[in-house]
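Listed here are the chains, written in short residue letters.
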There are 2 protein chains.
Amino acid sequence: MIQFDIEAEEGKARFGCIEVKGKKTRTPLFMPVATRGSLRTLSNEEGRNIGFEALIANAYHLLMRPGTDVIKGAGGIHKYINWPGIIFTDSGGFQMIRSGFERDISLEGVKFKSEVDGKTTHMTPEENILLQRELGTDISMCLDFCPPHPASKEVLVRSVEITTSWASRCKDVGHATFCISQGGTNDKLRAKSCKELVDLGFQGYAVGGLSIGEPKNEMYRMLNIADNIYPHHKPRYVMGLGSPLDILESISRGMDIFDSAYPTRNARHGTIMTSKGRLSIENSRFRKDYQPLDEDCHCPVCTEYSRSYINHLFQANELSGLRLATIHNLSFMHDLIKNAQSAIQEGTFKSYKKEFGDNYK
Amino acid sequence: MIQFDIEAEEGKARFGCIEVKGKKTRTPLFMPVATRGSLRTLSNEEGRNIGFEALIANAYHLLMRPGTDVIKGAGGIHKYINWPGIIFTDSGGFQMIRSGFERDISLEGVKFKSEVDGKTTHMTPEENILLQRELGTDISMCLDFCPPHPASKEVLVRSVEITTSWASRCKDVGHATFCISQGGTNDKLRAKSCKELVDLGFQGYAVGGLSIGEPKNEMYRMLNIADNIYPHHKPRYVMGLGSPLDILESISRGMDIFDSAYPTRNARHGTIMTSKGRLSIENSRFRKDYQPLDEDCHCPVCTEYSRSYINHLFQANELSGLRLATIHNLSFMHDLIKNAQSAIQEGTFKSYKKEFGDNYK
């Protein structure tokens, strides 16, 4: 059971608390992505040290490698990956479908080719939820059908139909805690998807199929639709959203939870998030720039290392460069979310959002 | 000036303390290698957290990238790389020569091709020491001429002649603190090289040109020769020696200082050092092995993660796997050296060495 309490509101923005299996975390919440049970360049306790209390892993990827038996044998995913905090798992439907097997989606389930041994496997929504339960996750996500953008109306209609049907079957298994709406950027289909999920009744409501190439204003319109239909007192989760401005916009539209590989993936490509916008640390203009990555940041990287040194590490292909960039970017995201939480409590979120946006170019 | 005090001896093994510029570290000393100013998968403060008080960087590599001007501009290498402890720098002669420009070595100096822009550069021994001084290193190493193994007697004769001549000119600059003997595994030439360096007089004495493919018994014979000729009260440094058994053998032959990329490079290739010998963590037999990497190790990796999880990280190409393996291997080396220090103080080094060797298969 998920307990969700809204403790402060400013406009549509909400400050709250999620509790699951005795573990709590504040919302708005940003989760770093540990697809395969690892924060890529960081060990998991480093994510905790930054301040994160929840992460999201991917059931499909963990099924492929190391396999459910390995994680069960370790006593569950928390123990296996050394993350005592909250763990969400995504179904992996997005990955299965993106592997080019869209034609193998039916009402029955999804057929996909294993990325490890190439074998074709079939999985029903029920089996997917059982998989997430076997891993020992705290919050499982329904299997959904997310078509690429742009998709024809016909495909979107089918994706909503299948997604609702699958959500219903996931719910029947008894462990599916968050559903996911589809419908692309079609107002009517998005509203239909949201309403059907609300009729089924879930502990949490996600918005899927966004941030995959559609224009920003269409994405925001879909969030408004979801906000109008989803129950006020349930947590709302926009999947895969990671840019700071998008997250602040979503919070102002009543959304609570976010996850994205954006800060970690950008870090590995040398793109550093700062209070004044992004910078490419590999650029030679940083060769003798002895400032911290972000002068407004108090993370251990900004306290101890210069842009010049991190530029050098990237130039010299030292893995420690990816790591320092990742620690900074995740610290930046954590600070952003903490600031948003405080601002909502103090009733200053609107001005915080404006000020952040004015500086972040 | 380097202060070196021997505080305890057992046979030829010595426990002591090196002090330079107000910074102290115990000997026997093992230094992790930060060729380009970084411990590869770790940030430098993580090396300190393991317990290391000294590291070795490479003047040639740092000249190539980021360049002396960058490090000078930062206020010196300690500040630039965030390492307040002792920093040794190697001249980089080994790298310059290994780049295939052996024919371009003369009494005058060495010609080498830049690995960054391909330009051919000439460097004298004096210029090399000035370079190390400019970087702000604590302990600089003389430029030496290390031929590959095996080398003809003619080449070895020339390498000793050139190495002595260069050492003399390095000393004249006034900052060269450790000399390096050559002579391959030829007893007479090794002795000649050691004697000529002792006649010049240095603050520390290194043994070069070993651990490059020669048989172990020949290597140990060369250490015995150096031990007999080098002054008892000066620190002795075997360059590039990293396997635990070699280090314990060298300590028992009166050697004090070691450096090697062995633990970090092995870690990146999945080779884990344990009290019972090495293991290849990528091997599928570790898939469901929930023990720590080394049951006798108390490092943060062995406390928090299983062989199974680290096997998974390597299988899944997660960079965090390289990092956890590196933390463990460096912790293992640090423990080995600390145990050796304690054993010499307590007069139990001989039995410690035997017991370690009996277990480490």
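What you see is a predicted model; the values in this text were computed from it and never measured.

The rules we used
Residues numbered from 1 in each chain as written. Chains lettered and ligands numbered in written order. Predicted model: local features only at pLDDT ≥ 70, side-chain atom pairs only at ≥ 80, totals over all residues. Helix = DSSP H or I, 4+ residues; strand = E, 2+ residues; numbered from the N terminus. Buried ≥ 20, exposed ≤ 12 C-beta atoms within 10 Å, placed from the backbone. Contact = placed C-beta atoms within 7 Å. Pairing = 2+ DSSP bridges. Axes fitted to C-alpha atoms, helices over the stretch in contact; angles between N-to-C directions. Least-squares fit on C-alpha atoms with pLDDT ≥ 70 in both. Expected span 1.5 Å × (residues − 1). Nonpolar A, V, L, I, M, F, W, Y, C, P; charged D, E, K, R; others polar. Domains from an automatic or database assignment. Core = buried A, V, L, I, M, F, W, Y, C linked by C-beta atoms within 7 Å. Parallel < 35°, antiparallel > 145°, perpendicular 65-115°, else oblique. Left-handed = near helix turned anticlockwise from the far one by under 90°. pLDDT = per-residue confidence, 0-100.

Let us now look at the overall build of chain A. Across its full length, chain A holds 15 helices and 15 strands. With the C-alpha coordinates aligned to their principal axes, the bounding extent of chain A is approximately 60 × 50 × 40 Å. Taking all 361 residues of chain A together, 53% fall into the buried category. Pairs at least 24 apart in sequence give 66% of the contacts found in chain A among residues at least 6 apart.

For the rest of this paragraph, the subject is the sheet that holds strand β1 (residues 2-10) of chain B. Residue and element names in this part refer to chain B. Read across the sheet, three strands follow the order β1-β2-β3 without closing on themselves; strand pairing throughout is antiparallel. Strands at the two margins of the open sheet, each flanked by one partner only, are β1 and β3 (23-27). Taken pair by pair, the neighbouring strands of this sheet meet at an average axis angle of 15°, ignoring direction.

In this section: the relation of the copies chain B and chain A. Once chain B has been moved 0.0 Å along the axis and rotated by 180°, it coincides with chain A to within an RMSD of 0.0 Å. Here the symmetry operator amounts to a two-fold rotation axis. With an isologous cut-off of 70% or more, the 100% of interface residues of chain B that recur at the interface of chain A puts this contact in the isologous class.

A separate point is the pairing of strand β1 (residues 2-10) of chain A. Residues and elements named next belong to chain A. As paired elements, β1 and strand β2 (residues 13-20) share eight bridges and run antiparallel to each other. Bridging from a neighbouring strand, I6 pairs with G16 of β2. The antiparallel pairing of β1 with β2 creates a hairpin that spans two residues between the two strands, and G11 there sits at a positive phi of about 60°.

Residues and elements named next belong to chain B. A large share of strand β2 (residues 13-20) lies buried, amounting to six of its eight residues. Sheet analysis places β2 next to β3, joined by five bridges and oriented antiparallel. What sits directly across from C17, in β3, is R26.

All names here are of chain B. In this model helix α14 (residues 319-346) runs 41 Å from its N-terminal to its C-terminal C-alpha over 28 residues, within 8% of the 40 Å that 1.5 Å per residue would give. Burial of α14 is extensive: 21 of the 28 residues sit out of reach of the surface. Phi turns positive one or two residues past the end of α14, at G347, with a value near 75°.

This brings us to the interface of chain B and chain A. On the side of chain A, 34 residues touch chain B, which itself brings 34 residues to the contact. Among the secondary structure elements, those contributing two or more residues to the side of chain B that touches chain A are α3 (68-73), α4 (77-81), α13 (307-315) and α14 of chain B. Of the residues in the side of chain B that touches chain A, the class split is 15 nonpolar, 10 polar and nine charged.

Bring the parts together and some accessible area is lost; that lost area is often taken as the interface size. All names here are of chain A. Here chain A is described as being made up of domain 1 (2-260) and domain 2 (272-361). Just the C-alpha atoms count here: the centres of domain 1 and domain 2 sit 27 Å apart. Facing the 24 residues of domain 1 at the interface are 22 residues of domain 2. It is helix α10 (residues 244-251) that provides the largest number of residues to the side of domain 1 that touches domain 2, a total of four residues. Along the lines of polarity and charge, the residues of the side of domain 1 that touches domain 2 split into 14 nonpolar, five polar and five charged.

The next thing to look at is helix α10 (residues 244-251) of chain B. Most of α10(B) sits inside the fold, with six of its eight residues counted as buried. Those residues of α10(B) lying buried are B:P244, B:D246, B:I247, B:L248, B:S250 and B:I251.

Formed by 211 residues in total, the largest nonpolar core has its most connected members in A:C142, A:F178, B:C142 and B:F178. For this core, the two domains that each supply at least three residues are domain 1 (2-260) and domain 2 (272-361) of chain A. Ignoring any residue separated from it by four or fewer positions in sequence, one finds A:F178 in contact with A:I139, A:M141, A:C142, A:F202, A:Q203, A:G204, A:Y205, A:A206 and A:Y237.

Attention shifts here to unusual backbone geometry. All names here are of chain A. That bond from T27 to P28 is cis: its omega, -5°, falls within 30 degrees of zero. Counting through the fold element by element, P28 comes out in the loop between β3 (23-27) and β4 (29-31). Omega for the peptide link from H149 to P150 comes to -5°, which places this bond in the cis form. Following the sequence through the fold, P150 ends up in the loop between β9 (139-141) and α7 (153-173).

Okay, the packing of helix α6 (residues 125-135) of chain B against helix α7 (residues 153-173) of chain B next. Residues and elements named next belong to chain B. Viewed as axis vectors pointing N to C, α6 and α7 meet at an angle of 45°, and their least axial separation amounts to 8 Å. Comparing the axis directions of α6 and α7 gives the class oblique. Viewed along their axes, α6 and α7 form a crossing whose handedness is right-handed. Side by side, α6 and α7 meet where P125, E126, I129 and L130 of the first sit next to W166, R169, C170 and V173 of the second.

Here the focus is the sheet that holds β3(A). Two strands in a sheet stick together by hydrogen bonds in their backbones, pointing the same way (parallel) or opposite ways (antiparallel). Residues and elements named next belong to chain A. On the basis of which strands lie adjacent, the open sheet formed by three strands has the order β1-β2-β3 and antiparallel pairing. The open sheet is flanked by β1 and β3, the only strands paired with a single partner. Averaged over all adjacent pairs, the angle separating strand axes in this sheet is 15°, with direction ignored.

The next subject is the confidence of the model for chain A. A residue-level look at chain A finds 98% of positions with pLDDT of 70 or above and a mean pLDDT of 95. For this predicted complex, the interface score ipTM comes out at 0.96, while the overall pTM is 0.96.

The next thing to look at is the packing of helix α8 (residues 187-200) of chain B against helix α9 (residues 216-229) of chain B. Residue and element names in this part refer to chain B. Running from N to C, α8 and α9 point in directions that differ by 30°, and their axes come no closer than 9 Å. When the axes of α8 and α9 are compared, the pair comes out roughly parallel. Seen from above, α8 lies across α9 with right-handed handedness. Of the residues in α9, those touching α8 at D187, R190, A191, C194, K195 and V198 are M222, I225, A226 and I229.

Another point: the environment of A:R265. Here A:R265 lies in helix α11 (residues 262-268). Residues A:R265 and A:T41, spaced 224 residues apart in sequence, show a C-alpha to C-alpha distance of 10.0 Å.

Attention now moves to the environment of A:E7. Residue and element names in this part refer to chain A. Structurally, E7 is set in strand β1. Take E7: there are 13 C-beta atoms within 10 Å of it, and that puts it in the partly exposed class. Distance from E7 to G67, taken between C-alpha atoms, is 40 Å for residues 60 residues apart in sequence. When sequence neighbours within four positions are dropped, the list of residues in contact with E7 reads F15, G16 and C17.

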